[in-house]
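# Analysis of the macromolecular model
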Amino acid sequence: MPRPPAPEVKPVAARGPSAGLIAGVVVLVVALLGILVWAATRGGDLEAVGSSSTLPDGGGVSVGPGVDADVTQVRIYEDPQCPWCARLENQIGEDLAEMVEAGEVNVTFQIMSFLDGNIGNDSSKRSANAMLCADDAGVFLPYHQALFAEQPAEGAGWTDEQLVGYAEQAGVDGDALTDFQACVADQPHADYVQDMQQRANEDGVNSTPTVFVDGEELPQEDLSRLIQEPGVLREVLEAQGR
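Report on the accompanying structure. Quantities reported herein were computed from a predicted structural model and do not represent experimental measurements.

Reading the values: the criteria
- Residues numbered from 1 in each chain as written.
- Predicted model: local features only at pLDDT ≥ 70, side-chain atom pairs only at ≥ 80, totals over all residues.
- Heavy atoms only, no water.
- Helix = DSSP H or I, 4+ residues; strand = E, 2+ residues; numbered from the N terminus.
- Buried < 20%, exposed > 50% of the residue type's maximum accessible area, 1.4 Å probe, protein only.
- Contact = heavy atoms within 4.5 Å.
- Areas by Shrake-Rupley, 256 points an atom, 1.4 Å probe, with all protein chains shown as cover.
- Axes fitted to C-alpha atoms, helices over the stretch in contact; angles between N-to-C directions.
- Parallel < 35°, antiparallel > 145°, perpendicular 65-115°, else oblique.
- Pairing = 2+ DSSP bridges.
- Right-handed = clockwise from strand over helix to strand, strands pointing away.
- Salt bridge = Lys/Arg side-chain N within 4 Å of Asp/Glu carboxyl O.
- Core = buried A, V, L, I, M, F, W, Y, C linked by side-chain atoms within 4.5 Å.
- Expected span 1.5 Å × (residues − 1).

### As for the overall build of the chain
- Regarding its fold elements, the chain presents eleven helices and seven strands.
- The buried share among the 242 residues of the chain stands at 50%.
- A separation of at least 24 residues holds for 78% of the contacts in the chain among residues at least 6 apart in sequence.
- Accessible surface for the chain amounts to roughly 11200 Å². Of this, 50% is attributable to carbon and sulfur atoms.

### A few points about the packing of helix α5 (residues 123–136) against helix α9 (residues 190–202)
- Put simply, α5 and α9 touch, their axes get as near as 9 Å, and they point 110° apart. Taken together, α5 and α9 sit at an angle that is classed as roughly perpendicular. Contacts from Lys125, Ala128, Asn129 and Leu132 of α5 reach α9 at Ala190, Tyr192, Val193 and Met196.

### A short note on the pairing of strand β3 (residues 72–78)
- Taking burial as the measure, the seven residues of β3 include seven buried ones, the bulk of the element.
- Both faces of β3 are covered, namely the face carrying Thr72, Val74, Ile76 and Glu78 and the face carrying Gln73, Arg75 and Tyr77.
- Examined bridge by bridge, β3 and strand β4 (residues 105–111) share seven bridges and lie parallel to one another. Bridge assignment links Arg75 to a residue of β4, and that residue is Thr108.
- You can see the chain leave β3, run along helix α3 (residues 83–101) and come back into β4, and the turn it takes is right-handed.
- The pairing of β3 with strand β6 (residues 210–213) spans four bridges and is classified as antiparallel.

### So, the sheet that holds β4
- With mixed pairing, five strands are arranged side by side in an open sheet as β2-β4-β3-β6-β7. Because the sheet does not close on itself, it has two edges, and the strands there are β2 (61–63) and β7 (216–217).
- Its contacts with the sheet place α3 against β2, β3, β4 and β6, and it is angled at close to 150° to β4.
- Running at roughly 100° to β4, α9 makes contact with β3 and β4 of the sheet.

### Overview of the pattern of salt bridges
- Scanning the entire structure with this criterion turns up seven salt bridges.
- Arg199 is the salt-bridge partner of Asp203, the closest N and O atoms lying 3.3 Å from each other.
- With relative accessibility at 33%, the residue Asp203 sits in the partly exposed group.
- Residue Arg225 pairs with Glu229 through a salt bridge whose shortest N-O separation is 3.3 Å.

### Notes on the nonpolar core
- Judged by nonpolar contacts, the single largest core of 62 residues is most densely connected at Val107, Tyr143 and Phe180.
- In terms of residues, this core owes the most to one element, α3, which gives nine residues.
- Not counting the four nearest positions on each side in its chain, Phe180 is found in contact with Ala130, Cys133, Ala134, Tyr143, Leu163, Val164 and Ala167.

### Digging into the environment of Val105
- Along the polypeptide, Val105 turns up in strand β4.
- Sequence-wise, Val105 and Val63 are 42 residues apart; in three dimensions their C-alpha atoms are separated by 8.8 Å.

### Comments concerning α5
- The terminal C-alpha atoms of α5 lie 20 Å apart, and with 14 residues this matches the ideal 20 Å at 1.5 Å per residue to within 8%.
- Most of α5 is tucked away: twelve of the 14 residues are buried.
- The set of residues buried in α5 consists of Ser123, Ser124, Arg126, Ser127, Ala128, Asn129, Ala130, Met131, Leu132, Cys133, Ala134 and Asp135.
- Of the residues one or two after α5, Gly138 is the one with positive phi, at around 80°.

That is the geometry; function is a separate question.
Here it is in structure tokens:
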């Protein structure tokens, strides 16, 4: 039975979102059966080598001063085909990139791919691989922004040509673009993409987007604000203790 579409976002009153809205923000829940099937087909070891900025053990792509730096640590669990993840990126992506550039935060992107099984395509895995290709090319954040900004209708997925086109938008050209095309076609990071999903399963994350700040899961009321209200990123992060 196909998954129902995400509900339309409604305005939030000044005193905060309603309980119904908070509950509706994160609607893309991994089915328990899907988790069990995935776990059954994967081994326990997370040994794949990722791109230039990935962490070991399927720990995701880290951008900024580093996971050991004394700065705010943000961890985002996302699936490339998740509409709410696109809304979150489109709302906070530029501000987050500016804070990374200024050395104020470190962000780890845990890129999941469970929606391939729900939707019946392979675009989450392929686009996750493409994001790691972009990391190798030194353009992870601009590529990440471009991909989510042009997220296709749910279930439509991306072509290889589209995935390469986002690299061009991010400034990749010449021999580097040729290498990127080969990386998209050959999917050298496919094993690491699987490890990122497995790691998310082991972390107990079963919905996207999920955001952690300094090791604590961001309350859904705050996640709702990030998705709906422009310019609140710094306020929300500071409210978590820094």
